[in-house]
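Letter by letter, the chains look like this.
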Amino acid sequence: MTYSDGSVRTYPLIHPSVTLTGGGTEETGEGFELKVGWTEEGVTLESTLTYSVRPAVLTLRFGEGTWRPEEGSEGVDSYAAEITDSLTDLSVYEPTPSGEGKIFAGWFYDTALTERVIYRIEGHIFTRTDVTVYAGYDVDYTGTFNYEIDHETGEATLTSYVDFDTTELVVPATVELYPVTAIGDEFCPEYFSIFFSVKSLRFAEGSRVESIGEKAFLNVGSLTSVDLPEGLSVIGKSAFSGAGIRGEVRIPASVRRIESRAFAQCTFITGFVFPADSRALYFGDEAFSYCVAMTRFAMPDGLTECGKDIFTYCSDLSEIYIGDSLRTLGVRPFYGSDKLCAINVSPANQYYTAIDGCIYSKDMSQLVLYNHKLTDAVYTVPDGVKTICESAFDLSDGLSTSLKEIVLPEGLIRIYDNAFRNCAATFVLPSSLTSLSGYAFFGWKGRSFSLSSENADFAVRDGVLYSKDLKTLVCVPEGYERTEYVLPDSVETVRTGALIGCSATEFIRIGRDSNLTVSYTHLRAHETRSNLV
């Protein structure tokens, strides 16, 4: 309230000294009164306000389109309507785009077309006050892509590519003015891959695509060029597997995950380039396997995890760099990459180190991977190594090696699965060895085990490995040359994998007094093809 002396006082509407009379807005017209009464220092005062009521006005700006109020009428680019209802259906005002290849993309509250109209009921907006809305238009992509719009997030996903004739695929920044944030799984369906003509993939300026889905471009052999956008975060499983991409591929700094087999069997890619500020954290299993034309690969310094078989059968790969932060390197990372001769690990890496191309844990307690390009016939595992990791000496099929003997150190405690797969080098198991994974010697081509006589956990009889008390058969070597293997009566259990690969053994003889507890059926079905006698 403003008083005659110029002072101003504010009263809550519920203040007991304030009364309101009139003020209705149900009808339109002029001369309506609102009377305000209040008490000030025992004196009752009153003020009368005169006002008018008019209908709300809905103003529609059609921009690059027109609207015809009536069939056959001339189109207009702007229209104002008096509205008496509190809810108005905007669908009756849908305009027609002026340009070819455009579609109406919705109504907005601002000229920049960033604040999309919110519908309270389907197609209806509140019109209790004056409202101005602006029509938005976008390119009509219905003949090029199928897509889905999430109206809650205001984002679009391209779900499939349906244009078999275009040679350049440009992923739009928007569809119906919704930002495209993802390319969906199987975007180019594999069963149509041979029909696609697309040669290049690029993203429109302003792209906000964050993910490329699983198998999005699987086996699209015509695709030879890819330009990935900044802002991309995830390249999905098998996203480009089998594609015909040629030359180097630049991975944007924003990419954090390259999932399993993302670039597998891209046989024409010669390399991958990661910027210095790359935020990549994870490479999935076989992510770059069978990239047979790739010669070098430098892992980003921020990368923390690589899955198994990541560079399997990269037959021309000769040099690899492991960055500052890698802490998990999956098994068989370079299986079949027979030209690899230089493995370098960043001195700043706290988890791995490399000596002569062999990879160890930083504290030298684990041998992670032996370098089969070494030419010495004898390899001595350094003192202090307590663990031979899975597939550490795993030799690629068909790869020749100079290695004939492995000297295992006293202090070695455990050996994990497939540690000597496809390797024929001999070794003596040390007295310190206490733990063997179930398939520790799977695929080892040796003919006979050798063991320190001081080992307290294992024993060797006729070249076969047992527990010290001879109650458990641990492993018959794959190169075991006898056609008949006689199981000692003392053996009660046979470890999983103990007899796998013994191709020369035709008969397994089990005595009448055998203490074996495993069933013959289990032994025959799961351990060997040999006959049981």
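In case you missed it, the structure is sitting above this.
Now for a description of the structure that goes with this document. (Residues numbered from 1 in each chain as written. Predicted model: local features only at pLDDT ≥ 70, side-chain atom pairs only at ≥ 80, totals over all residues. Heavy atoms only, no water.)

### Brief notes about the side chain of E259
Checked against the element boundaries, E259 lands in the loop between strand 22 (257-258) and strand 23 (269-273). Of the polar contacts made by the side chain of E259, one reaches the side chain of R257; its length is 2.7 Å. Excluding residues within four positions of it along the chain, E259 makes contact with V234, I235, G236, K237, Y282, G284 and A287. (Helix = DSSP H or I, 4+ residues; strand = E, 2+ residues; numbered from the N terminus. Polar contact = N/O pair within 3.5 Å; in protein donor to acceptor, adjacent residues only side chain to side chain. Contact = heavy atoms within 4.5 Å.)

### Brief notes about the layout of surface pockets
Empty space among the atoms becomes visible once a probe the size of a water molecule is rolled across them. Space inside the largest pocket adds up to approximately 320 Å³. The wall of the largest pocket is formed by 14 residues, among which E94, F104, G106, W107 and Y119 lie closest to the centre. Per element, the largest residue contribution to the lining of the largest pocket is four residues, and it comes from strand 9 (residues 102-108). Its residues assigned to classes, the lining of the largest pocket shows seven nonpolar, four polar and three charged. (1 Å grid on protein atoms, 1.4 Å probe; cavity = no way out; pocket = protein on both sides within 12 Å on 5 of 7 lines; lining within 4 Å. Points joined across faces, edges and corners; volume = space filled by probe spheres on them. Nonpolar A, V, L, I, M, F, W, Y, C, P; charged D, E, K, R; others polar.)

### Quick notes on the nonpolar core
F240, F263 and F288 are the most contacted members of the largest nonpolar core, which has 70 residues in total. Setting aside residues up to four positions removed in sequence, F263 forms contacts with I235, F240, S241, V249, I251, I258, I269, F272, A287, F288, S289 and C291. Among the nonpolar cores identified, the runner-up in size contains 32 residues, and A392, L403, F420 and A440 belong to it. (Core = buried A, V, L, I, M, F, W, Y, C linked by side-chain atoms within 4.5 Å. Buried < 20%, exposed > 50% of the residue type's maximum accessible area, 1.4 Å probe, protein only.)

### What to know about the sheet that holds strand 14 (residues 168-171)
Taken in spatial order, the three strands line up as 14-17-19 in an open sheet, and their pairing is parallel. Here the strands that pair on one side only, and so sit at the sheet edges, are strand 14 and strand 19 (225-226). As judged from the four bridges shared by strand 14 and strand 17 (residues 200-203), these two strands associate in the parallel manner. Bridge assignment links E168 to a residue of strand 17, and that residue is S200. (Pairing = 2+ DSSP bridges.)

### Quick word on the packing of aromatic side chains
One pass over the full model with this rule turns up 42 aromatic pairs. With a centroid separation of 6.1 Å and 25° between ring planes, the pair formed by F145 and F187 is classed as stacked. A residue pair is termed long-range when its members are at least 10 positions apart, and F145 in strand 12 (residues 145-150) and F187 in the loop between strand 16 (178-183) and strand 17 qualify at 42 residues. The class for F145 is buried, based on a relative accessible area of 2%. Among the residues examined, F187 registers a relative accessible area of 0% and is labelled buried. Note on F427 and W444: the rings are 4.7 Å apart at their centroids and 35° apart in plane angle, and the pair reads as tilted. Placement of F427 in the loop between strand 36 (414-415) and strand 37 (428-429) and of W444 in the loop between strand 38 (435-436) and strand 39 (450-451) is noted, with a sequence separation of 17 residues between them. Positioned above the aromatic ring of Y178, the side-chain terminus of R116 is 3.7 Å from the ring centre. Its guanidinium or amino end placed over the ring of F126, R128 lies 4.6 Å from that ring's centre, counting from NZ or CZ. (Phe/Tyr/Trp six-rings, centres within 6.5 Å; stacked < 30°, edge-to-face > 60°. Lys NZ or Arg CZ within 6 Å of the ring centre and 35° of its normal.)

Function cannot be read off these values alone, since they describe shape.
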